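# What the coordinates show
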Amino acid sequence: MTSATMVAADDVEVLHWWTSGGEAAALNVLKQDLEGQGIGWTDMPVAGGGGEQAMTVLRARVTAGNAPTAVQGLGFDILDWGKEGALADLNEVAAKEGWDEVVPDALKAFAKVDGKWVSAPVNVHSTNWVWANKSVLDANGIAVPTSWEDFTAALETLKAAGITPIAHGGQAWQEATVFDAVAMSVLGPDGYKAAFVDLDEATLGSDAMKEAFDRMAVIRANVDDNFSGRDWNLATAMVINGEAGFQMMGDWAKGEFLNAGKVPGEDFLCFRFPGTADQVTFNADQFMMFDQGGPVSAEQAALASAILSPSFQSAFNVVKGSVPARTDVSDADFDACGKQGMKDLAAAAASGNLFGSMAHGHAAPASVKNAIYDVVTAHFNGEFDSETAVDELVDAVSIAK
Ligand code: BGC
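Residues numbered from 1 in each chain as written. Predicted model: local features only at pLDDT ≥ 70, side-chain atom pairs only at ≥ 80, totals over all residues. Heavy atoms only, no water.

### Re the packing of aromatic side chains
The cut-off we apply is this: For Phe, Tyr and Trp, rings pair up if their centres lie within 6.5 Å, where Trp contributes its six-membered ring, and each pair is then called stacked (planes under 30 degrees apart), edge-to-face (over 60) or tilted (otherwise). Numbering of helices and strands runs from the N terminus; a helix is a DSSP stretch of H or I covering at least four residues, while a strand is a stretch of E covering at least two. Charge-over-ring placement is defined geometrically: NZ (Lys) or CZ (Arg) within 6 Å of the ring centre, and within 35 degrees of the ring normal.
One pass over the full model with this rule turns up 21 aromatic pairs. A ring pair is formed by W131 and F268, whose centres lie 6.3 Å apart and whose planes are at 45 degrees; its orientation type is tilted. Pair noted here: W131 is in strand β8 (residues 129-133) and F268 is in strand β11 (residues 268-272), with a separation of 137 residues, a long-range link. On the numbers, 5.0 Å between centres and 35 degrees between planes, the contact of F179 with F213 is tilted. Of this pair, F179 sits in helix α10 (residues 172-196) while F213 sits in helix α12 (residues 207-220), placing them 34 residues apart in sequence. Between the NZ or CZ atom of R272 and the centre of the ring of W129, over which it lies, the distance is 3.7 Å.

### Observations regarding the packing of α10 against α12
Threshold: All axes here are fitted lines through C-alpha atoms, helices being fitted over the stretch that makes contact, and every angle between N-to-C directions spans 0 to 180 degrees. In what follows, roughly perpendicular refers to angles from 65 to 115 degrees, roughly parallel to angles under 35, roughly antiparallel to angles over 145, and oblique to any angle outside these ranges. When the near helix sits turned anticlockwise from the far one by under a right angle, the crossing is termed left-handed; a clockwise turn instead gives a right-handed crossing. Here, residues are in contact when the closest pair of their heavy atoms is within 4.5 Å. Polarity classes work like this: nonpolar for Ala, Val, Leu, Ile, Met, Phe, Trp, Tyr, Cys and Pro, charged for Asp, Glu, Lys and Arg, and polar for all others, with Gly in that last group.
For the pair α10 and α12, interaxial distance at closest approach is 10 Å and the crossing angle is 160 degrees. As judged from the angle between their axes, α10 and α12 are roughly antiparallel. The chirality of how α10 crosses α12 is right-handed. Taking contact as the criterion, the partners of E175, V178, F179, V182, A183, S185, V186, L187, A195 and F196 in α10 are, on α12, A208, M209, E211, A212, F213, R215, M216 and I219. When its residues are assigned to classes, the contact of α10 with α12 shows 14 nonpolar, 1 polar and 3 charged.

### Thoughts on the environment of T236
The cut-off we apply is this: Polar contacts, as used here, are pairs of N or O atoms within 3.5 Å; protein pairs need one atom able to donate a hydrogen and one able to accept it. Residues neighboring in sequence count only if both atoms are side-chain atoms.
Tracing the backbone shows T236 in helix α13 (residues 232-240). Taking the C-alpha atoms as reference points, T236 and A111, 125 residues apart in sequence, are found 30 Å from one another. Residues within four places of T236 in sequence aside, it is in contact with Q247, A253, E256 and F257. In this structure the side chain of T236 is engaged in a polar contact, spanning 2.7 Å, whose partner is the side chain of Q247.

### Things to note about the sheet that holds strand β2 (residues 40-45)
This is how it is decided: For two strands to be treated as a pair, DSSP must find at least two bridges joining them.
In space, the 5 strands of this open sheet follow the order β2-β1-β3-β13-β6, with mixed pairing throughout. Each of the sheet's edge strands pairs with one partner strand only, and the pair in question is β2 and β6 (119-121). Going across the sheet, the axis of each strand differs from the next one's by a mean of 30 degrees, ignoring polarity. Relative to strand β3 (residues 70-74), strand β1 (residues 11-16) runs parallel, the two sharing 2 bridges. Each bridged residue has a counterpart across the sheet, and for L15 the counterpart in β3 is V71.

Laid out in structure tokens, this is it:
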């Protein structure tokens, strides 16, 4: 039996990549919400952080004429499907519920195609965070680093103490996630935008970009020997259990700490990557509603409406580690990191410091993103020195764009 024949008339089939402990806990909030409305859930999980594998499965399903009802999507991928005409029109539910008034412009830019809502924003994540084990830092006399020099000093201290300084999973998307923050810290907001949004050759090939690669090499020198291929949540576990001091990762990592019963400020610390305190590199998970032939189905409309409801936005994001996709949700139920995330997002949006994450498909289309991944990961694995990486980056982006 194919999964399509297993879906009852009033079920939703949801394709997503939320398979870690923290992600699954958050997904349950959504499942239960729908089940409470009598809508069944057919789960279509595709493991693989960042969603690359999920997007490959999606392409195959759509090509076979068997698109799932709802699909987790990011940034430019959503726009691509929308422009292909594959997504249902959610304008009726959006108008009824006033989405235009409460969803920030930065998200609308990826949720609407030609004036039509085609996906339902679930959250806002951001990638320029660092996660730290508090007792490891305390035991080694390390204060939260606010500059690159402080950070590298902390790495040296941990290394000397026999602790893995940085927990990292060697997968291209994870290296790119680290690169988001490192590049922002060196290039600054204007340079980040010039390089990854405008794809400006001079910035991609600049000395500052070389410095960003040099910093990536320092990070590479501070990960353990078994980093290659490790899943991101296993890297988070190394920080949770005190094997490692820091992880540079999006705030989905917080979901893992919470799922392990850890408390921010007591067991773990969250802070912006040194040198990016005012900036937020964001990505937003959304559920694209695939056109099932005819108008949007009742189940799709119910799912979209459940996702955008203020109570769901709070309940889900408290567990997921992200912050709400609406500007009118109270921060009362969020922990210290969540409250900071909401404050940082609003401040960054107001001061022109909010930028789409390159690593998570919100700066440039997938072809460019993948070209950058290849160079960043090859450099991380020692195939290129920093100077070569810069040249390769310029070439790869100019071919891909
Ligand atoms: C998604 C998150 C997810 C993370 C790791 C990101 O691209 O936005 O929701 O938790 O990948 O799987």
